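# Remarks on the overall topology
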Amino acid sequence: MSDLDDALAQVWEQTSVDTAPLAFNAGVFEQIARRRARLELGVAALIAVAVWAVAMALGPLLMRVMTQMGVLIVSAPVLIAMGMVGAGIGLVALMQVRRRVDRDWWTLGLRG
Amino acid sequence: MHSDAEWVGKARQGSTRAFAALMTRHQGVVRSFARRISADPADADDLAQEVFVFAWSHLSTLQDGDRFRSWVLGVTWRKAQTRARSRARRRARDGAWLEGQSRSGEAVGDAALTAVQLFETLSPDQRAALALCHGEGWSHAEAADILGQPLGTVKSNIARAKAKLRARLGDEDE
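Treat the numbers as computed from the prediction; the structure is a model and nothing was measured. (Residues numbered from 1 in each chain as written. Chains lettered and ligands numbered in written order. Predicted model: local features only at pLDDT ≥ 70, side-chain atom pairs only at ≥ 80, totals over all residues. Heavy atoms only, no water.)

This part covers the nonpolar core. Residue and element names in this part refer to chain B. Grouped together as the largest cluster of nonpolar side chains are 59 residues, with contacts concentrated most on Phe19, Phe33, Phe52, Phe68, Leu130 and Leu147. Tallying contributions element by element places helix α2 (residues 16-37) first for this core, with 10 residues. Summarising the domain contributions, this core has at least three residues from each of domain 1 (1-107) and domain 2 (109-169). Apart from the residues within four sequence positions on either side, Leu147 is in contact with Phe33, Trp77, Ala128, Ala129, Leu132 and Val154. (Core = buried A, V, L, I, M, F, W, Y, C linked by side-chain atoms within 4.5 Å. Buried < 20%, exposed > 50% of the residue type's maximum accessible area, 1.4 Å probe, protein only. Helix = DSSP H or I, 4+ residues; strand = E, 2+ residues; numbered from the N terminus. Domains from an automatic or database assignment. Contact = heavy atoms within 4.5 Å.)

All names here are of chain B. Closest axis-to-axis distance for the helix α3 (residues 44-57)/helix α4 (residues 68-94) pair is 9 Å, and the angle between their directions is 125°. Comparing the axis directions of α3 and α4 gives the class oblique. Where α3 crosses over α4, the two elements pack in a sense that is right-handed. Between α3 and α4, the residues in contact are Asp46, Leu47, Glu50, Val51, Phe52, Phe54 and Ala55 and Phe68, Trp71, Val72, Val75, Thr76, Lys79, Ala80 and Arg83, respectively. (Axes fitted to C-alpha atoms, helices over the stretch in contact; angles between N-to-C directions. Parallel < 35°, antiparallel > 145°, perpendicular 65-115°, else oblique. Left-handed = near helix turned anticlockwise from the far one by under 90°.)

We now examine helix α8 (residues 140-147) of chain B. Residues and elements named next belong to chain B. Among all positions of α8, only Ala143, Ala144, Ile146 and Leu147 are buried. Down the axis of α8, the smallest arc covering the buried residues is 165°, so these residues share one side. On its buried side, α8 packs onto α2, α4, α7 (124-135) and α9 (151-169). Of the residues trailing α8, Gly148 is marked for its positive phi of about 65°. (Arc of directions from axis to C-beta.)

Contacts between chain A and chain B engage 26 residues on the former and 30 residues on the latter. In total, chain A and chain B occlude about 2700 Å² of area from one another, counting both sides; carbon and sulfur atoms represent 68% of this. It is Leu4, Trp12 and Phe24 of chain A in chain A that bury the most area against chain B; as a group they hold 26% of the surface buried on that side. Inspection of the region where chain A meets chain B yields zero salt bridges. Counting across the chain A and chain B interface gives seven residue pairs in polar contact (both at pLDDT 80 or more). (Buried area = accessible area lost by both parts, 1.4 Å probe. Salt bridge = Lys/Arg side-chain N within 4 Å of Asp/Glu carboxyl O. Polar contact = N/O pair within 3.5 Å; in protein donor to acceptor, adjacent residues only side chain to side chain.)

Printed below as a string of C-alpha coordinates:
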(Lines give C-alpha, C1' and ligand atoms only; values in the text may rest on other atoms or scores of the structure.)
Protein backbone atom coordinates (compact mmCIF):
# COMPACT_ATOMS: atom_id res chain seq x y z
CA MET A 1 0.00 0.00 0.00
CA SER A 2 1.46 3.39 -0.99
CA ASP A 3 1.74 6.38 1.31
CA LEU A 4 -1.12 7.97 -0.59
CA ASP A 5 -3.45 5.02 -0.07
CA ASP A 6 -2.43 4.89 3.56
CA ALA A 7 -3.09 8.61 4.06
CA LEU A 8 -6.47 8.46 2.32
CA ALA A 9 -7.47 5.43 4.35
CA GLN A 10 -6.72 7.46 7.48
CA VAL A 11 -8.82 10.35 6.17
CA TRP A 12 -11.83 8.14 5.46
CA GLU A 13 -11.49 6.47 8.83
CA GLN A 14 -11.21 9.71 10.78
CA THR A 15 -13.99 11.50 8.95
CA SER A 16 -16.54 8.70 8.76
CA VAL A 17 -19.59 8.88 11.02
CA ASP A 18 -21.10 5.76 12.51
CA THR A 19 -22.74 7.13 15.62
CA ALA A 20 -26.34 6.38 16.56
CA PRO A 21 -28.58 8.50 14.36
CA LEU A 22 -31.46 9.08 16.79
CA ALA A 23 -30.30 12.49 18.00
CA PHE A 24 -29.53 13.51 14.43
CA ASN A 25 -32.97 12.44 13.22
CA ALA A 26 -34.67 14.23 16.11
CA GLY A 27 -32.78 17.40 15.21
CA VAL A 28 -33.93 17.18 11.61
CA PHE A 29 -37.57 16.65 12.59
CA GLU A 30 -37.39 19.57 14.99
CA GLN A 31 -36.12 21.81 12.20
CA ILE A 32 -38.81 20.56 9.81
CA ALA A 33 -41.52 21.21 12.40
CA ARG A 34 -40.16 24.64 13.24
CA ARG A 35 -40.04 25.62 9.58
CA ARG A 36 -43.55 24.36 8.98
CA ALA A 37 -44.87 26.19 12.03
CA ARG A 38 -43.32 29.42 10.79
CA LEU A 39 -44.88 28.91 7.38
CA GLU A 40 -48.31 28.12 8.78
CA LEU A 41 -48.23 31.05 11.16
CA GLY A 42 -47.22 33.29 8.27
CA VAL A 43 -50.18 32.06 6.24
CA ALA A 44 -52.50 32.50 9.23
CA ALA A 45 -51.25 36.07 9.69
CA LEU A 46 -51.80 36.82 6.00
CA ILE A 47 -55.36 35.46 6.18
CA ALA A 48 -56.03 37.52 9.30
CA VAL A 49 -54.78 40.68 7.59
CA ALA A 50 -56.87 39.90 4.51
CA VAL A 51 -60.01 39.36 6.60
CA TRP A 52 -59.33 42.55 8.52
CA ALA A 53 -58.86 44.52 5.27
CA VAL A 54 -62.12 43.17 3.82
CA ALA A 55 -63.94 43.94 7.04
CA MET A 56 -62.58 47.48 7.04
CA ALA A 57 -63.67 47.94 3.46
CA LEU A 58 -67.11 46.35 3.65
CA GLY A 59 -68.04 47.00 7.28
CA PRO A 60 -68.99 50.68 7.02
CA LEU A 61 -70.85 50.06 3.76
CA LEU A 62 -72.77 47.16 5.26
CA MET A 63 -73.63 49.14 8.37
CA ARG A 64 -74.87 52.08 6.30
CA VAL A 65 -77.11 49.82 4.21
CA MET A 66 -78.46 48.09 7.29
CA THR A 67 -79.09 51.42 8.99
CA GLN A 68 -80.97 52.73 5.94
CA MET A 69 -83.02 49.54 5.91
CA GLY A 70 -83.80 50.12 9.57
CA VAL A 71 -82.29 46.78 10.54
CA LEU A 72 -79.46 48.31 12.51
CA ILE A 73 -79.28 51.40 14.64
CA VAL A 74 -75.66 52.38 14.96
CA SER A 75 -74.85 53.52 18.42
CA ALA A 76 -71.94 53.24 20.81
CA PRO A 77 -73.29 50.14 22.65
CA VAL A 78 -73.87 48.37 19.35
CA LEU A 79 -70.35 49.16 18.15
CA ILE A 80 -68.86 47.99 21.45
CA ALA A 81 -70.87 44.75 21.29
CA MET A 82 -69.77 44.12 17.71
CA GLY A 83 -66.16 44.80 18.68
CA MET A 84 -66.37 42.32 21.54
CA VAL A 85 -67.83 39.64 19.29
CA GLY A 86 -65.06 40.27 16.75
CA ALA A 87 -62.38 40.12 19.42
CA GLY A 88 -63.87 36.85 20.73
CA ILE A 89 -63.78 35.27 17.29
CA GLY A 90 -60.17 36.44 16.82
CA LEU A 91 -59.17 35.04 20.20
CA VAL A 92 -60.70 31.64 19.46
CA ALA A 93 -58.91 31.57 16.08
CA LEU A 94 -55.62 32.47 17.76
CA MET A 95 -56.04 29.74 20.37
CA GLN A 96 -56.76 27.22 17.64
CA VAL A 97 -53.55 28.17 15.85
CA ARG A 98 -51.57 27.95 19.06
CA ARG A 99 -53.05 24.60 19.99
CA ARG A 100 -52.14 23.18 16.58
CA VAL A 101 -48.61 24.57 16.82
CA ASP A 102 -48.11 22.92 20.18
CA ARG A 103 -49.63 19.56 19.42
CA ASP A 104 -49.12 18.80 15.77
CA TRP A 105 -46.80 21.09 13.92
CA TRP A 106 -44.05 21.27 16.47
CA THR A 107 -43.55 17.54 16.77
CA LEU A 108 -45.20 16.25 13.58
CA GLY A 109 -47.24 13.97 15.82
CA LEU A 110 -44.10 12.20 17.06
CA ARG A 111 -44.70 13.05 20.69
CA GLY A 112 -46.35 10.26 22.57
CA MET B 1 -36.38 -4.86 4.22
CA HIS B 2 -37.85 -1.92 2.36
CA SER B 3 -36.06 -0.41 -0.61
CA ASP B 4 -35.31 3.31 -0.79
CA ALA B 5 -38.01 3.72 -3.43
CA GLU B 6 -40.63 2.24 -1.09
CA TRP B 7 -39.59 4.48 1.81
CA VAL B 8 -39.50 7.51 -0.49
CA GLY B 9 -43.00 6.69 -1.72
CA LYS B 10 -44.32 6.54 1.84
CA ALA B 11 -42.42 9.64 2.91
CA ARG B 12 -43.93 11.54 -0.01
CA GLN B 13 -47.34 10.71 1.43
CA GLY B 14 -46.28 12.31 4.70
CA SER B 15 -44.94 9.34 6.65
CA THR B 16 -42.35 10.66 9.08
CA ARG B 17 -41.52 7.06 10.02
CA ALA B 18 -40.51 6.32 6.43
CA PHE B 19 -38.42 9.46 6.27
CA ALA B 20 -36.77 8.58 9.58
CA ALA B 21 -35.88 5.18 8.10
CA LEU B 22 -34.34 6.87 5.07
CA MET B 23 -32.33 9.17 7.33
CA THR B 24 -31.16 6.29 9.49
CA ARG B 25 -30.00 4.46 6.38
CA HIS B 26 -28.18 7.37 4.73
CA GLN B 27 -27.21 9.85 7.43
CA GLY B 28 -23.80 8.26 8.00
CA VAL B 29 -22.78 8.66 4.37
CA VAL B 30 -24.15 12.19 4.14
CA ARG B 31 -22.48 13.30 7.38
CA SER B 32 -19.17 11.75 6.37
CA PHE B 33 -19.32 13.42 2.95
CA ALA B 34 -20.23 16.73 4.62
CA ARG B 35 -17.20 16.47 6.89
CA ARG B 36 -14.93 15.79 3.95
CA ILE B 37 -16.07 18.71 1.81
CA SER B 38 -16.93 21.35 4.42
CA ALA B 39 -14.63 24.32 4.76
CA ASP B 40 -15.39 24.13 8.45
CA PRO B 41 -15.77 20.50 9.62
CA ALA B 42 -17.35 21.75 12.85
CA ASP B 43 -20.59 22.64 11.09
CA ALA B 44 -20.73 19.52 8.90
CA ASP B 45 -23.57 18.08 10.98
CA ASP B 46 -25.54 21.32 10.62
CA LEU B 47 -25.06 21.03 6.89
CA ALA B 48 -26.21 17.40 6.93
CA GLN B 49 -29.34 18.34 8.90
CA GLU B 50 -30.06 21.15 6.47
CA VAL B 51 -29.77 18.63 3.64
CA PHE B 52 -32.39 16.31 5.14
CA VAL B 53 -34.73 19.21 5.92
CA PHE B 54 -34.45 20.19 2.26
CA ALA B 55 -34.95 16.56 1.20
CA TRP B 56 -38.18 16.30 3.21
CA SER B 57 -39.72 19.34 1.54
CA HIS B 58 -38.45 18.51 -1.96
CA LEU B 59 -39.05 14.76 -2.11
CA SER B 60 -41.60 15.29 -4.86
CA THR B 61 -38.81 16.44 -7.20
CA LEU B 62 -36.96 13.14 -6.85
CA GLN B 63 -38.03 11.06 -9.83
CA ASP B 64 -36.37 7.75 -8.97
CA GLY B 65 -36.66 6.86 -5.30
CA ASP B 66 -33.83 4.35 -5.58
CA ARG B 67 -31.47 7.24 -6.32
CA PHE B 68 -32.16 8.83 -2.94
CA ARG B 69 -28.57 8.46 -1.74
CA SER B 70 -26.96 10.09 -4.77
CA TRP B 71 -29.65 12.79 -4.70
CA VAL B 72 -28.98 13.79 -1.08
CA LEU B 73 -25.23 13.72 -1.73
CA GLY B 74 -25.78 16.13 -4.63
CA VAL B 75 -27.84 18.38 -2.36
CA THR B 76 -25.05 18.20 0.23
CA TRP B 77 -22.51 19.32 -2.35
CA ARG B 78 -24.63 22.25 -3.56
CA LYS B 79 -25.45 23.43 -0.06
CA ALA B 80 -21.79 23.15 0.98
CA GLN B 81 -20.87 25.38 -1.96
CA THR B 82 -23.51 27.92 -0.99
CA ARG B 83 -22.23 27.94 2.59
CA ALA B 84 -18.64 28.30 1.42
CA ARG B 85 -19.58 31.29 -0.75
CA SER B 86 -21.44 33.04 2.05
CA ARG B 87 -18.56 32.29 4.43
CA ALA B 88 -16.13 33.81 1.94
CA ARG B 89 -18.30 36.91 1.61
CA ARG B 90 -18.54 37.21 5.37
CA ARG B 91 -14.81 36.77 5.74
CA ALA B 92 -14.11 39.39 3.11
CA ARG B 93 -16.52 41.76 4.78
CA ASP B 94 -15.08 41.22 8.21
CA GLY B 95 -11.52 41.32 6.97
CA ALA B 96 -10.79 38.08 8.77
CA TRP B 97 -8.77 36.56 5.97
CA LEU B 98 -5.96 35.65 8.34
CA GLU B 99 -8.17 32.88 9.68
CA GLY B 100 -8.15 31.29 6.23
CA GLN B 101 -4.43 31.70 5.88
CA SER B 102 -3.81 29.53 8.90
CA ARG B 103 -5.85 26.72 7.34
CA SER B 104 -3.86 26.54 4.11
CA GLY B 105 -1.15 23.93 3.71
CA GLU B 106 1.53 26.50 2.96
CA ALA B 107 1.22 28.10 6.36
CA VAL B 108 1.99 24.87 8.18
CA GLY B 109 4.95 22.65 7.55
CA ASP B 110 3.96 19.57 5.55
CA ALA B 111 5.71 17.29 7.98
CA ALA B 112 3.44 18.52 10.75
CA LEU B 113 0.22 17.89 8.83
CA THR B 114 -1.96 14.94 9.66
CA ALA B 115 -3.62 13.03 6.85
CA VAL B 116 -6.87 14.93 7.39
CA GLN B 117 -5.13 18.32 7.42
CA LEU B 118 -3.32 17.36 4.23
CA PHE B 119 -6.65 16.41 2.67
CA GLU B 120 -8.07 19.79 3.67
CA THR B 121 -5.41 21.57 1.64
CA LEU B 122 -7.10 20.27 -1.53
CA SER B 123 -9.70 22.40 -3.27
CA PRO B 124 -13.36 21.61 -2.47
CA ASP B 125 -13.87 20.17 -5.98
CA GLN B 126 -10.91 17.86 -5.56
CA ARG B 127 -11.98 16.79 -2.08
CA ALA B 128 -15.53 16.06 -3.21
CA ALA B 129 -14.42 14.00 -6.22
CA LEU B 130 -11.89 12.05 -4.19
CA ALA B 131 -14.30 11.50 -1.30
CA LEU B 132 -16.99 10.10 -3.59
CA CYS B 133 -14.82 7.93 -5.84
CA HIS B 134 -12.10 6.85 -3.45
CA GLY B 135 -13.88 7.11 -0.11
CA GLU B 136 -17.38 5.92 -1.01
CA GLY B 137 -16.70 3.81 -4.06
CA TRP B 138 -18.85 5.69 -6.58
CA SER B 139 -17.78 5.48 -10.22
CA HIS B 140 -16.44 8.58 -11.96
CA ALA B 141 -19.67 8.88 -13.96
CA GLU B 142 -21.82 8.64 -10.83
CA ALA B 143 -19.67 11.23 -9.06
CA ALA B 144 -20.00 13.54 -12.06
CA ASP B 145 -23.76 13.15 -11.86
CA ILE B 146 -23.82 13.85 -8.11
CA LEU B 147 -21.56 16.90 -8.36
CA GLY B 148 -23.20 18.22 -11.53
CA GLN B 149 -19.82 18.37 -13.27
CA PRO B 150 -18.56 16.98 -16.58
CA LEU B 151 -16.97 13.55 -16.36
CA GLY B 152 -13.62 14.90 -17.55
CA THR B 153 -13.58 17.50 -14.78
CA VAL B 154 -14.13 14.86 -12.12
CA LYS B 155 -11.36 12.67 -13.54
CA SER B 156 -8.90 15.55 -13.75
CA ASN B 157 -9.79 16.71 -10.23
CA ILE B 158 -9.04 13.26 -8.89
CA ALA B 159 -5.78 13.03 -10.81
CA ARG B 160 -4.67 16.48 -9.63
CA ALA B 161 -5.68 15.75 -6.04
CA LYS B 162 -3.69 12.53 -6.02
CA ALA B 163 -0.69 14.22 -7.61
CA LYS B 164 -0.81 17.01 -5.05
CA LEU B 165 -1.07 14.58 -2.15
CA ARG B 166 1.73 12.40 -3.54
CA ALA B 167 3.95 15.45 -3.86
CA ARG B 168 3.23 16.44 -0.28
CA LEU B 169 3.79 12.93 0.99
CA GLY B 170 6.93 12.39 -1.05
CA ASP B 171 5.34 9.24 -2.40
CA GLU B 172 7.52 7.78 -5.12
CA ASP B 173 5.28 5.09 -6.55
CA GLU B 174 3.21 7.33 -8.83
